[in-house]
Amino acid sequence: KNDEVLLGAVRFGGNSLYEKADLYNVRYATAVDYSTGLGKYSPIELARMLSGKSAGLYTSIDNYTESISGSSSQADIETLFQQLYLRMQAPRVDKTLFRAFIQSSEDMARDALSNPDAQFTDAVKRALFNNNPRLALTPRPQDFSHVSMKRALAIYHQRFGSARGFTFFVGGFDQEKIKPLVTAYLGNLPMGEKAVGYKDRGIRPVKGVVVKVVHAGMEPRSRVTVVFSGDAGYSREEARRLRLLIGVMNIRIIDTLREKMSLIYSGGMSGALLRTPYQNYRIITELPCGPENVKKVEQALLGVIREMQKDGPSAADLEKAKQGWLKGHQVALRTNGYWLNLLQDSGLHGTDPAEALADEKAMAAMTPEQLRAAANRYFNLKNYLVAELYPASAAGKK
């Protein structure tokens, strides 16, 4: 896009660096910062100043990283840089707005907890990670009694007060015109000493076959979630195999569970190789269905997996998955977001972005036997979690 500028910066750190006593403060640090305004401007004043401009910037703190992302038109790129500088250097203190933030957050948390999908998602996380106290669950109203404006903003400044370790990428601009802005705004950000890294807090999925049953909601609808996880070394080649395997599996899931057996409304499989805090993989299948079909859905999914492990994909399904990936990939190549993500991954993990140029040839050469081997590697039928959501009215029924 000729008139799109994207900015991204990410580095290791995140809430892994903080002890349990600070988890709520670090979890809501960026929300507290945004709720109180920017520099000398309240949120209302800031919105008025930015009216008519196309420029926005956001900060976030995740488990093992902290990041900055933003976008603007070419005409408003200086406004983007101004927001970036102020977000990192001028957090605003406003006790009245902080109290309003706490009250509204408590109200929203009460509403969110009444959602059966939120209850189910929390139950899946707890079961998968054995009730680890560092899990980020759906906010509870009582969470916000642990949030201090002073401490949350102090943590925010610790995470974003120094630019050390950040690599900034922007796109869709004239290099000569942007140099003065880079000098004025990025060049003047402090580079105070900061340890760049994360702590491995030992959050690991449970082992063995685990079944979790949840009863929530009044509607006669259910959901089946199946999670496969385990250790796995990362390489771009292996990531390609997993991506294509999941593409083939989604074709089989739709064809078998929805079209032939009429067991599901929608749903599918997703997954990735993960590198932080250790090299591992996670594959998640979400299948909405009727309460009467829960067990049938589980058995049908496992049947599709066993077929893939035994026979691999058919030539037709493999070609269909390759073409589906290629179509999406060719669209992605024309977006700034794809290249931004590629460069950020390079900056964070030290990967060579040029490897992406080999994706099309490598995917086209993938064989049924390679995917069959991948299915046996990643679908360990002795180590997975299955979670079942039923309506509350089904509790106690056989």
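Everything below is about the structure shown above.
The present account deals with the structure reproduced in this document. Please read these numbers as outputs of a predicted model, since none were measured by experiment.

## Regarding the overall build of the protein chain
1) Next: If you tally the helices and strands in the protein chain, you get 14 helices and nine strands.
2) Next: In terms of C-alpha radius of gyration, the protein chain reaches 24 Å, essentially the compact-globule figure of 21 Å for 398 residues.
3) Next: Seen through its C-alpha atoms, the protein chain measures out along the principal axes to roughly 60 × 55 × 40 Å.
4) Next: In the protein chain, which comprises 398 residues, the share counted as buried stands at 47%.
5) Next: Within the protein chain, contacts between residues separated by at least 24 positions form 85% of all contacts whose residues are at least 6 apart in sequence.
6) Next: Of the roughly 19,700 Å² of accessible surface on the protein chain, a fraction of 53% belongs to carbon and sulfur atoms.
7) Next: Averaged over its 53 positive side-chain charges, the protein chain has a centre that lies 4 Å from the centre of its 41 negative ones.

## Quick notes on the packing of helix H10 (residues 294-311) against helix H14 (residues 368-378)
1) Next: Contact pair H10 / H14: the axes reach a minimum separation of 7 Å and the direction vectors enclose 130°. In terms of their interaxial angle, H10 and H14 are classed as oblique. In this structure, H10 crosses over H14, and the sense of that crossing is left-handed. From H10, Met308, Gln309, Lys310 and Asp311 reach across to H14, where they touch Arg372, Ala375 and Asn376.
2) Next: Per-class residue counts for the contact of H10 with H14 are two nonpolar, two polar and three charged.

## Describing the nonpolar core
1) Next: By size, the foremost hydrophobic cluster in this structure holds 44 residues, and its most contacted members are Leu245, Tyr378 and Phe379.
2) Next: Elements supplying a minimum of two residues to this core: strand S6 (222-231), helix H9 (236-260), strand S7 (268-274), strand S8 (280-289), H10, helix H11 (315-332), H14 and strand S9 (384-390).
3) Next: Residue contributions to this core peak at ten residues, all from H9.
4) Next: Setting aside residues no more than four positions away along its own chain, Tyr378 makes contact with Phe228, Ala232, Glu238, Leu242, Leu245, Leu273, Tyr281 and Ile283.

## Some remarks on the sheet that holds strand S4 (residues 169-170)
1) Next: Spatially, four strands are ordered S2-S3-S1-S4 in an open sheet, and the strand pairing comes out antiparallel. Two strands bound the open sheet, and with one partner strand each, they are strand S2 (55-61) and S4.
2) Next: Across two bridges, strand S1 (residues 5-12) lies against S4 in antiparallel orientation. In the strand pairing of S4, Gly8 is matched with Phe169.
3) Next: Across the face of the sheet, helix H12 (residues 336-349) comes into contact with S1, strand S3 (65-72) and S4 while running at roughly 25° to S1.

## Considering the environment of Ile68
1) Next: By the secondary structure assignment, Ile68 is in strand S3.
2) Next: Through-space distance from the C-alpha of Ile68 to that of Ala90 is 15 Å; in sequence the pair is 22 residues apart.

## With respect to the packing of aromatic side chains
1) Next: All told, the structure shown has twelve aromatic pairs when counted by the stated rule.
2) Next: Here the aromatic rings of Phe81 and Tyr185 are separated by 6.2 Å at their centres, their planes lie at 25°, and the arrangement is stacked. Placement of Phe81 in helix H4 (residues 77-89) and of Tyr185 in helix H8 (residues 175-186) is noted, with a sequence separation of 104 residues between them.
3) Next: When its relative accessible area of 1% is taken as the criterion, Phe81 is described as buried.
4) Next: With relative accessibility at 16%, the residue Tyr185 sits in the buried group.

## Quick notes on the packing of H9 against H14
1) Next: For the pair H9 and H14, interaxial distance at closest approach is 10 Å and the crossing angle is 90°. On the basis of their axis angle, the class for H9 and H14 is roughly perpendicular. Facing H9, whose interface residues are Glu238, Arg241, Leu242, Leu244, Leu245 and Val248, H14 presents Gln370, Leu371, Ala374, Ala375, Arg377 and Tyr378.
2) Next: Here the residues of the contact of H9 with H14 are counted per class, giving eight nonpolar, one polar and three charged.

## Concerning the side chain of Arg159
1) Next: Residue position: Arg159 is located in helix H7 (residues 149-160).
2) Next: A polar side-chain atom of Arg159 sits 3.1 Å from a polar atom in the side chain of Tyr18.

## Observations concerning a nonpolar patch on the surface
1) Next: Residues Val209, Val211 and Val213 make up a contiguous nonpolar surface patch of about 240 Å² in total accessible area.
2) Next: Looking at the secondary structure, you find Val213 in strand S5 (residues 209-215).
3) Next: The exposure class of Val213 is partly exposed, given its relative accessible area of 39%.

## Side note on unusual backbone geometry
1) Next: Note that the residue after Thr276, namely Pro277, is joined by a cis bond; omega there is 5°.
2) Next: As for its position among the elements, Pro277 is in the loop between S7 and S8.
3) Next: Of note, the phi angle at Asn130 is positive, near 50°, even though the residue is not glycine.
4) Next: Examined against the element boundaries, Asn130 turns out to sit in the loop between helix H6 (116-128) and H7.
5) Next: Asn130 gets classed as exposed once you look at its relative accessible area, which sits at 58%.
6) Next: A positive phi is found at Ser262, a non-glycine position, where the angle reads about 55°.
7) Next: Checked against the element boundaries, Ser262 lands in the loop between H9 and S7.

## Concerning the pairing of S8
Regular strands place side chains that alternate from one sheet face to the opposite one.
1) Next: Of the pairings in the sheet, the one linking S6 to S8 comprises ten bridges and is antiparallel in character. The residue bridging Ser222 from the neighbouring strand is Cys289, located in S8.
2) Next: By the bridge criterion, seven bridges tie S7 to S8 in an arrangement that is antiparallel. In the strand pairing of S8, Met269 is matched with Thr285.
3) Next: Taken together, S7 and the strand that follows it, S8, pair antiparallel across an intervening segment of five residues.

## Quick notes on H11
1) Next: Relative to the 26 Å expected for 18 residues at 1.5 Å per residue, H11 spans 26 Å between its end C-alpha atoms, a close match to the ideal helical length.
2) Next: Among all positions of H11, only Asp317, Leu318, Ala321, Lys322, Trp325, His329 and Ala332 are buried. Down the axis of H11, the smallest arc covering the buried residues is 135°, so these residues share one side. Opposite the buried face of H11, at more than 90 degrees from it, the exposed residues are Ala315, Ala316, Lys320, Lys327 and Val331.
3) Next: Buried residues along H11 sit against H9, H12, helix H13 (359-364) and H14.

The rules behind each value
- Residues numbered from 1 in each chain as written.
- Predicted model: local features only at pLDDT ≥ 70, side-chain atom pairs only at ≥ 80, totals over all residues.
- Heavy atoms only, no water.
- Helix = DSSP H or I, 4+ residues; strand = E, 2+ residues; numbered from the N terminus.
- Rg over C-alpha atoms; globule rule 2.2 N^0.38 Å.
- Buried < 20%, exposed > 50% of the residue type's maximum accessible area, 1.4 Å probe, protein only.
- Contact = heavy atoms within 4.5 Å.
- Areas by Shrake-Rupley, 256 points an atom, 1.4 Å probe, with all protein chains shown as cover.
- Lys, Arg positive; Asp, Glu negative; His and termini not counted.
- Charge placed at Lys NZ, Arg CZ, Asp CG, Glu CD.
- Axes fitted to C-alpha atoms, helices over the stretch in contact; angles between N-to-C directions.
- Parallel < 35°, antiparallel > 145°, perpendicular 65-115°, else oblique.
- Left-handed = near helix turned anticlockwise from the far one by under 90°.
- Nonpolar A, V, L, I, M, F, W, Y, C, P; charged D, E, K, R; others polar.
- Core = buried A, V, L, I, M, F, W, Y, C linked by side-chain atoms within 4.5 Å.
- Pairing = 2+ DSSP bridges.
- Phe/Tyr/Trp six-rings, centres within 6.5 Å; stacked < 30°, edge-to-face > 60°.
- Polar contact = N/O pair within 3.5 Å; in protein donor to acceptor, adjacent residues only side chain to side chain.
- Patch = residues over 30% accessible without salt bridge, like charges linked within 9 Å, V, L, I, M, F, W, Y side chains within 5 Å.
- Salt bridge = Lys/Arg side-chain N within 4 Å of Asp/Glu carboxyl O.
- Expected span 1.5 Å × (residues − 1).
- Arc of directions from axis to C-beta.

Geometric values such as these leave the question of function open.
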